[in-house]
Amino acid sequence: DAKTTQPTSMDCAEGRAANLPCNHSTISGNEYVYWYRQIHSQGPQYIIHGLKNNETNEMASLIITEDRKSSTLILPHATLRDTAVYYCIVRVPWNYGQNFVFGPGTRLSVLP
Amino acid sequence: NAGVTQTPKFQVLKTGQSMTLQCAQDMNHNSMYWYRQDPGMGLRLIYYSASEGTTDKGEVPNGYNVSRLNKREFSLRLESAAPSQTSVYFCASSDIGDRSNEQFFGPGTRLTVL
């Protein structure tokens, strides 16, 4: 699995967009970018994933650069409940039983 | 659907005691996983089961054993608990037939070994 680097922590004002960056410069052509988050004391929660096109769902948008070496998770209108640790992961999804490698992630604090 | 359930939620053991952490999923997923999370760190994979009847080691398997009892259940056993195994343990499942292969996590078991 390709390694990822994320900022240790970020702040965001409530109601504003939260933009969380992730660098994955060694990503290979068949690896997808996944984002998960973990709210205090709970299990990680899937947010979104993508290969090379930008993706959007009810929770967030994922912007992947054309060279695929970095991506940004966007929470369009952050709320206090979005305060969590956000994990960026790259992996090949269909590898049989391949595990996810969760690094330290980015601690996002949404401030009132 | 309950998703992924884990029992117990909390456990305190003395060094040398044994215990089994239980995990069950009702999503008909093929693959199941056990992770541990230590303070300030991400999740580290202990063991996984790609399908019923198979298990494989992850990043940190020492001191643990697993059993894939059936498609729904995947247990983690500590034969002789050590203080270094104090951690939060998460079970997860995924469907390899789903192209996203997203993992669904349980609520965790908080284990303290004295």
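To be clear, the structure that these remarks concern was listed above.
A few points on the structure. None of these values were measured; they are calculated from a predicted model.

Parameters and conventions
Residues numbered from 1 in each chain as written. Chains lettered and ligands numbered in written order. Predicted model: local features only at pLDDT ≥ 70, side-chain atom pairs only at ≥ 80, totals over all residues. Heavy atoms only, no water. Helix = DSSP H or I, 4+ residues; strand = E, 2+ residues; numbered from the N terminus. Rg over C-alpha atoms; globule rule 2.2 N^0.38 Å. Buried < 20%, exposed > 50% of the residue type's maximum accessible area, 1.4 Å probe, protein only. Contact = heavy atoms within 4.5 Å. Lys, Arg positive; Asp, Glu negative; His and termini not counted. Charge placed at Lys NZ, Arg CZ, Asp CG, Glu CD. Disulfide = S-S within 2.5 Å. Salt bridge = Lys/Arg side-chain N within 4 Å of Asp/Glu carboxyl O. Pairing = 2+ DSSP bridges. Axes fitted to C-alpha atoms, helices over the stretch in contact; angles between N-to-C directions. Polar contact = N/O pair within 3.5 Å; in protein donor to acceptor, adjacent residues only side chain to side chain. Core = buried A, V, L, I, M, F, W, Y, C linked by side-chain atoms within 4.5 Å.

### Describing the overall build of chain B
For step 1, the next point in the chain: Helix and strand counts for chain B stand at zero helices and eleven strands.
For step 2, the next point in the chain: Tracing chain B from N to C terminus, the helices and strands come up as β-β-β-β-β-β-β-β-β-β-β.
For step 3, the next point in the chain: The C-alpha radius of gyration computed for chain B amounts to 13 Å, which stays within 12% of the reference 13 Å derived for 114 residues, consistent with globular compactness.
For step 4, the next point in the chain: In terms of overall dimensions, chain B has C-alpha extents of about 40 × 30 × 25 Å along its principal axes.
For step 5, the next point in the chain: Within chain B, buried positions represent 49% of all 114 residues.
For step 6, the next point in the chain: Partitioning the contacts of chain B with sequence separation of at least 6, the portion at a separation of at least 24 is 55%.
For step 7, the next point in the chain: Averaging the locations of the 11 positively and 10 negatively charged side chains of chain B gives two centres separated by 7 Å.

### A look at the state of the cysteines
Residues and elements named next belong to chain B.
For step 1, the next point in the chain: If you walk through the whole model with that rule in mind, you get two disulfides over all chains.
For step 2, the next point in the chain: A disulfide bridge connects Cys23 with Cys91, and the sulfur atoms are separated by 1.8 Å. Taking the torsion about the S-S bond as the criterion, the Cys23 to Cys91 disulfide, at about -75°, is left-handed. Placement of the pair is Cys23 in strand E3 (residues 19–25) and Cys91 in strand E9 (residues 87–94), with a sequence separation of 68 residues.
For step 3, the next point in the chain: Residue Cys23 is classed as buried on the basis of its relative accessible area of 3%.
For step 4, the next point in the chain: A relative accessible area of 0% places Cys91 in the buried class.

### A short note on the pattern of salt bridges
Oppositely charged side chains can pair when the atoms bearing their charge come close.
For step 1, the next point in the chain: Taken as a whole and assessed by the stated rule, the structure comprises four salt bridges over all chains.
For step 2, the next point in the chain: One salt bridge connects Arg37(A) with Asp82(A), and the closest N-O pair in it is separated by 2.8 Å. Of the two residues, Arg37(A) sits in strand E3 (residues 32–38) while Asp82(A) sits in the loop between strand E7 (70–75) and strand E8 (84–91), which places them 45 residues apart along the sequence. Here the two residues Arg37(A) and Asp82(A) agree in accessibility, since each one is buried.
For step 3, the next point in the chain: Two residues, Asp38(B) and Arg44(B), come together in a salt bridge whose shortest N-O distance is 2.5 Å.
For step 4, the next point in the chain: Classification of Arg44(B) by relative accessible area gives partly exposed; the value is 22%.
For step 5, the next point in the chain: The network of salt bridges with shared partners includes Arg36(B), Asp38(B) and Arg44(B).

### Notes on the sheet that holds E3(A)
Residue and element names in this part refer to chain A.
For step 1, the next point in the chain: Taken together, the five strands give an open sheet; going across it, the order is E1-E9-E8-E3-E4, and neighbouring strands pair in mixed fashion. The sheet terminates laterally at strand E1 (9–13) and strand E4 (45–50), the two strands that pair on one side only. Averaged over all adjacent pairs, the angle separating strand axes in this sheet is 25°, with direction ignored.
For step 2, the next point in the chain: When E3 meets E8, the two strands line up antiparallel, connected through seven bridges.

### Looking at the environment of Glu66(A)
For step 1, the next point in the chain: Of note, Glu66(A) is situated in the loop between strand E6 (61–64) and E7.
For step 2, the next point in the chain: As for Glu66(A) and Asn53(A), which are separated by 13 residues in sequence, their C-alpha atoms are 8.5 Å apart.

### Topic: the side chain of Ser49(B)
For step 1, the next point in the chain: The topology assignment puts Ser49(B) in strand E5 (residues 43–49).
For step 2, the next point in the chain: Among the polar contacts made by the side chain of Ser49(B), one reaches the main-chain carbonyl oxygen of Thr54(B) at a distance of 2.6 Å.

### With respect to the nonpolar core
For step 1, the next point in the chain: One finds Trp35(A), Leu73(A), Tyr86(A) and Leu108(A) to be the most contacted residues of the largest nonpolar core, which totals 21 residues.
For step 2, the next point in the chain: Elements represented by at least two residues in this core include exactly strand E2 (18–23), E3, E4, E6, E7, E8 and strand E9 (106–111) of chain A.
For step 3, the next point in the chain: If sequence neighbours within four positions are ignored, Leu73(A) has contacts with Ala18(A), Asn19(A), Leu20(A), Trp35(A), Ile47(A), Ile48(A), Ala60(A), Ser61(A) and Tyr86(A).
For step 4, the next point in the chain: Grouped together as the second largest cluster of nonpolar side chains are 20 residues, Cys23(B), Leu76(B), Tyr89(B) and Leu111(B) included.

### Structural notes on the sheet that holds strand E1 (residues 4–7) of chain B
All names here are of chain B.
For step 1, the next point in the chain: What the four strands build is an open sheet, ordered E1-E3-E8-E7; its pairing is antiparallel. A single partner strand is all that each edge strand has here, and the edge strands are E1 and strand E7 (65–68). Neighbour-to-neighbour, the strand axes of this sheet turn through a mean angle of 15°, independent of strand direction.
For step 2, the next point in the chain: Summarising the sheet, E3 and strand E8 (residues 74–78) pair through three bridges and their orientation is antiparallel. Bridge pairing links Met19 to Leu78 in E8.

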